[in-house]
Amino acid sequence: MLSKSIRKGVVAIACVLGLGASASAMATAHVDVAASAVQVNSYGGVTPVLFYTGSVCSTGHLTLDPSADVDTQKLLWATVLSAKATGAKMGFDYDFNADNCVIRAFSVAPN
């Protein structure tokens, strides 16, 4: 009887610790930045990598999720370039974990 109680206690503690670790592993943030400050690179592919966005990652970089489809990648390119051309600000919602910042949503703020 005592061993069942101990086993249940160990399982409960493991579950609580597991949930705590997964909740702290990823956080979400929002940043607004002048599009003119953002540097866009593609490193030979279509997927844009944005730098100097003000995100918490080193050099303020942001990337799309690797599973993002090509249309979303092209939409981000077009949005950044049009915001730069019009002098608008951009907003980014992103998840971060250590030095990995992944864009979840992006927008252009009206002038």
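The shown structure was predicted, so the numbers you read here are calculated from the model rather than taken from an experiment.

1. Some thoughts on the overall build of the chain
Reasoning step 1: A count of helical and extended segments in the chain gives two helices and six strands.
Reasoning step 2: Start at the N end of the chain and walk to the C end: the helices and strands fall as α-β-β-β-β-α-β-β.
Reasoning step 3: Taken across its 111 residues, the chain has 30% of its residues classed as buried.
Reasoning step 4: Looking at the chain alone, contacts between residues at least 24 apart form 55% of all its contacts between residues at least 6 apart.
Reasoning step 5: Summed over all atoms, the accessible surface of the chain reaches about 6,800 Å², with 64% contributed by carbon and sulfur.

2. Examining the confidence of the model for the chain
Reasoning step 1: On average, the chain scores 81 in pLDDT, and the residues at 70 or more come to 77%.
Reasoning step 2: Between residues 5-24, whose pLDDT stays under 50, and residues either more than four places distant or in other chains, the model counts zero contacts.

3. Looking at the side chain of threonine 53
Reasoning step 1: Here threonine 53 shows up in the loop between strand 3 (49-51) and strand 4 (62-64).
Reasoning step 2: Separated by 2.4 Å, the side chain of threonine 53 and the backbone oxygen of glycine 60 make a polar contact.
Reasoning step 3: Residues within four places of threonine 53 in sequence aside, it is in contact with Val31, Val33, Val38, Gly60, His61 and Leu62.

4. Here's the deal with the sheet that holds strand 5 (residues 89-97)
Reasoning step 1: Spatial strand order, 1-5-6-4-3-2: six strands in an open sheet with mixed pairing. The sheet is open, and its two borders are formed by strand 1 (27-34) and strand 2 (39-41), each paired with just one other strand. In this sheet, adjacent strand axes meet at a mean angle of 35° when their direction is disregarded.
Reasoning step 2: Of the pairings in the sheet, the one linking strand 4 to strand 6 (residues 100-109) comprises two bridges and is parallel in character. The partner of threonine 63 across the bridge, within strand 6, is valine 102.

Quick notes on the rules
Residues numbered from 1 in each chain as written. Predicted model: local features only at pLDDT ≥ 70, side-chain atom pairs only at ≥ 80, totals over all residues. Heavy atoms only, no water. Helix = DSSP H or I, 4+ residues; strand = E, 2+ residues; numbered from the N terminus. Buried < 20%, exposed > 50% of the residue type's maximum accessible area, 1.4 Å probe, protein only. Contact = heavy atoms within 4.5 Å. Areas by Shrake-Rupley, 256 points an atom, 1.4 Å probe, with all protein chains shown as cover. pLDDT = per-residue confidence, 0-100. Polar contact = N/O pair within 3.5 Å; in protein donor to acceptor, adjacent residues only side chain to side chain. Pairing = 2+ DSSP bridges. Axes fitted to C-alpha atoms, helices over the stretch in contact; angles between N-to-C directions.

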